[in-house]
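Structure at a glance
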Amino acid sequence: MTKAIRFHEYGGPEVLKYETVEVGQPGPGEIRLKQTAIGLNFIDVYHRTGLYPQANLPSGIGLEAAGVIEAVGAGVKDLHVGDRVAYGTGPIGSYAEHRLIPASKVILIPERISDNQAASMMLQGMTTEYLIRRTYCVQPGDTVLLHAAAGGVGSIASQWLNHLGATVIGTVGSEEKAEIARSKGCHHTINYKTENFVERVKELTDGKGVNVVYDSVGKDTFMGSLDCLKVRGTMVTFGNASGPVPPIEPLLLNQKGGLYLTRPSLAHYTGTHSDLVASAKSLFSVVSSGVVKIDINQSYPLSEASKAHQDLEARKTTGSTIMIPHH
Ligand code: NDP
């Protein structure tokens, strides 16, 4: 048996319950993990509220963690009891002390990266990798608009984009977050609670607009983001922190300059094992070399997952967040 967070109905943070559940032995192709740190991500909120519905309730929650292998099922090659591993693409159910998981979903953690770092960065870091290297391949000299630049994905993306030679304009919800975003590599910050971000982007780019917008805020920023783009610019809408984006007419993309629009998920870029491993390697490389520093600014006991969700939704967190199992 183990302790895990589950929810029996969709709703607010209070539906998250700390329960005793069965773990069992790993089946063919599976491993059993003793988890040491668990990542908190905004997608967990979408799962909990039902914006992204589950096949069955009650459900576990969470897609990311690090830990030590304590049992290996039949047919598992290249992984052994005692290995330190991490994952960031599920399957759902990472908010747990112990769990079973397909061996194909985990990656060995390099020595120079801690469990806490790995648990906090896999999902947000691999997301950053695919967004800035593959969805749109950012080039030196590009100008980029990055929303929620002091958050989990935002803090990693600010550093990585800066390293690639882009001019990074980051939006944030407070002055304190503006300072964080600048310290992470944003050349310009805009407080989108107090300033009109479209006008500011126009000013900062001499009226030209940006090459690409990375928009995870969704409903509140989507239309404004389109107005920040250059002719034939790329709009990457990849999250719904303020709510999902309503439908639009394709003609709008024509009227706003022959724009490209995409709505990707990490799953589309890590669906094969080789893509998953390549993305993780690329992330480990920028973290190990110091190009990207992972800031774990909040830590909660696993039993207080509902408090972690409250703070994330109330925009109180910055950088990455982990939850620690009790053991
Ligand atoms: P963050 O740490 O970035 O937290 C979300 C941030 O969004 C908040 O801190 C807040 O920053 C901003 N925000 C703006 N409006 C709201 C609102 N109404 N309610 C709450 N927050 C708001 O979270 P993550 O790094 O975990 O994820 C960032 C985004 O990226 C999420 O939307 C997530 O779903 C998305 N994502 C998408 C993936 C994909 O593959 N499609 C994969 C991973 C993440 P501020 O106060 O500065 O505005």
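Quick caveat, the model's predicted, so the values are computed rather than measured.

Procedures and definitions
- Residues numbered from 1 in each chain as written.
- Predicted model: local features only at pLDDT ≥ 70, side-chain atom pairs only at ≥ 80, totals over all residues.
- Heavy atoms only, no water.
- Phe/Tyr/Trp six-rings, centres within 6.5 Å; stacked < 30°, edge-to-face > 60°.
- Helix = DSSP H or I, 4+ residues; strand = E, 2+ residues; numbered from the N terminus.
- Buried < 20%, exposed > 50% of the residue type's maximum accessible area, 1.4 Å probe, protein only.
- Near = heavy atom within 4 Å.
- Polar contact = N/O pair within 3.5 Å; in protein donor to acceptor, adjacent residues only side chain to side chain.
- Areas by Shrake-Rupley, 256 points an atom, 1.4 Å probe, with all protein chains shown as cover.
- Pairing = 2+ DSSP bridges.
- Right-handed = clockwise from strand over helix to strand, strands pointing away.
- Expected span 1.5 Å × (residues − 1).
- Bend = angle between axes of the 7 residues up to and from the residue.
- Salt bridge = Lys/Arg side-chain N within 4 Å of Asp/Glu carboxyl O.

Structural notes on the packing of aromatic side chains
- Throughout the structure, instances matching the rule amount to four aromatic pairs.
- Each ring, one from Tyr-130 and one from Tyr-269, has its centre 4.3 Å from the other, and the planes form 15°; the classification is stacked. Of the two residues, Tyr-130 sits in helix H2 (residues 115–135) while Tyr-269 sits in helix H8 (residues 266–269), which places them 139 residues apart along the sequence. Taken individually, Tyr-130 and Tyr-269 each receive the classification buried, so the pair is uniform in this respect.
- Joined through ring pairs, the aromatic side chains of Phe-42, Tyr-46 and Tyr-52 make up one cluster.

Examining the site of the ligand
- Residues in contact with the ligand amount to 29 residues; listed here are only the nearest, Tyr-46, Tyr-130, Lys-177, Tyr-192 and Leu-266.
- Within the backbone of Phe-42, an N or O atom sits 3.0 Å from an oxygen atom of the ligand.
- In this structure, a nitrogen atom belonging to the ligand sits 2.9 Å away from a main-chain N or O atom of Phe-238.
- The fraction of the free accessible surface of the ligand (910 Å²) that becomes covered by protein chains is 92%.
- Residue assignment for the shell around the ligand shows that the elements contributing at least two residues are helix H1 (42–49), H2, helix H3 (152–164) and helix H10 (305–313).

Digging into the pairing of strand S12 (residues 210–215)
- The buried fraction of S12 amounts to six of the six residues, a majority that puts the element mostly inside the structure.
- Bridge count for strand S9 (residues 143–146) against S12 is three bridges, and the pairing is parallel. Note on S12: the bridge partner recorded for Val-144 is Val-212.
- Across five bridges, S12 lies against strand S13 (residues 229–237) in parallel orientation. Along S13, the bridge assignment pairs Val-213 with Met-235.
- You can see the chain leave S12, run along helix H6 (residues 222–227) and come back into S13, and the turn it takes is right-handed.

Quick look at H2
- In this model, H2 (21 residues) spans 28 Å end to end at C-alpha, consistent with the 30 Å of a helix rising 1.5 Å per residue.
- Largest kink in H2: about 50°, centred on Met-121.
- Buried residues dominate H2, accounting for 17 of its 21 residues.

Brief notes about the pattern of salt bridges
- In total, this model carries 11 salt bridges according to the counting rule given.
- With its nearest N and O atoms 2.8 Å apart, the salt bridge here joins Arg-48 to Glu-313. With Arg-48 in helix H1 and Glu-313 in helix H10, this residue pair connects regions lying 265 residues apart in the sequence.
- The partner of Asp-227 in a salt bridge is Lys-256, and the shortest N-O contact between them spans 2.8 Å. With a gap of 29 residues between them, Asp-227 in helix H6 and Lys-256 in the loop between helix H7 (250–255) and strand S14 (260–262) connect regions that are remote in the sequence.

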